[in-house]
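Each chain is listed here by its residues.
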Amino acid sequence: MRYAMIITGDESHWFGPAVESGLMDQVDAWWEKWHQAGKIVRGGAELDRSTKARTVGPGPDGPVVTDGPFLELKEVVGGFVLLEADDMDAAVEVAAGWPGIAHGDRIEVRPVITRE
């Protein structure tokens, strides 16, 4: 079964001192471990800073575009990884090893619906 591992947190550490302190090396090692084990499905993405985002929403005369994320939050989505696991517990086991958790990241693991 496939699961989405959605990475959220305070993006200030994704682009600053934590990266310089070796966080990306830890992420690369995590990625390699689980990719070799067949637990990471091709796909997923690391997202750029939320300040570079645009949000499209409903307006009185059609879609309205605003700069940045719709909500002013400290925690934002930083990326996602598609996992292949036998069940939710196995997917959570993979997600629990995410190195960014030590820096305050939170990981949401959610089943992916497959429609035919």
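Here, every reference points to the structure presented above.
Residues numbered from 1 in each chain as written. Predicted model: local features only at pLDDT ≥ 70, side-chain atom pairs only at ≥ 80, totals over all residues. Heavy atoms only, no water.

(A) Molecular detail of the pairing of strand β5 (residues 75-84). Relative to β5, strand β1 (residues 2-10) runs antiparallel, the two being bridged by 9 bridges. Bridged to Arg2 within β5 is Glu84. As paired strands, strand β2 (residues 45-46) and β5 are joined by 2 bridges and run antiparallel to one another. Considered in β5, the bridge of Ala45 is made with Phe80. (Pairing = 2+ DSSP bridges. Helix = DSSP H or I, 4+ residues; strand = E, 2+ residues; numbered from the N terminus.)

(B) A look at the pattern of salt bridges. This structure, assessed with the given rule, holds 4 salt bridges. For Lys52, the salt bridge is made with Asp48, and the minimal N-O distance between the two is 3.3 Å. (Salt bridge = Lys/Arg side-chain N within 4 Å of Asp/Glu carboxyl O.)

(C) Spatial organisation of the packing of aromatic side chains. Scanning the entire structure with this criterion turns up 2 aromatic pairs. Between the aromatic rings of Trp30 and Trp98, the centroid separation amounts to 4.9 Å while the plane-to-plane angle is 85 degrees, which identifies the pairing as edge-to-face. Note that Trp30 is positioned in helix α2 (residues 23-36) and Trp98 in the loop between α3 (88-95) and β6 (106-111), a separation of 68 residues in sequence. Each member of the pair, Trp30 as well as Trp98, carries the same accessibility label: buried. Site record: aromatic cluster; members linked through ring pairs are Trp30, Trp31 and Trp98. (Phe/Tyr/Trp six-rings, centres within 6.5 Å; stacked < 30°, edge-to-face > 60°. Buried < 20%, exposed > 50% of the residue type's maximum accessible area, 1.4 Å probe, protein only.)

(D) View of α3. Three or more residues of α3 are buried, namely Ala91, Val94 and Ala95. Buried residues of α3 fall within an arc of 100 degrees about the axis and therefore sit on the same side. Along α3, the residues that are exposed and aim more than 90 degrees away from the buried face are Asp89 and Glu93. For α3, the secondary structure elements touched by its buried residues are β1, α2, β5 and β6. (Arc of directions from axis to C-beta. Contact = heavy atoms within 4.5 Å.)

(E) Main features of the side chain of Glu11. The residue Glu11 is located in the loop between β1 and α1 (17-20) in this model. At 6.0 Å, Arg49 is the nearest oppositely charged side chain to Glu11, a buried residue that forms no salt bridge. Reaching out from Glu11, the side chain makes a polar contact with the side chain of Ser50 at a distance of 2.4 Å. With sequence-adjacent residues up to four places away left out, Glu11 is seen in contact with Asp48, Arg49, Ser50, Thr51, Lys74 and Val76. (Lys, Arg positive; Asp, Glu negative; His and termini not counted. Polar contact = N/O pair within 3.5 Å; in protein donor to acceptor, adjacent residues only side chain to side chain.)

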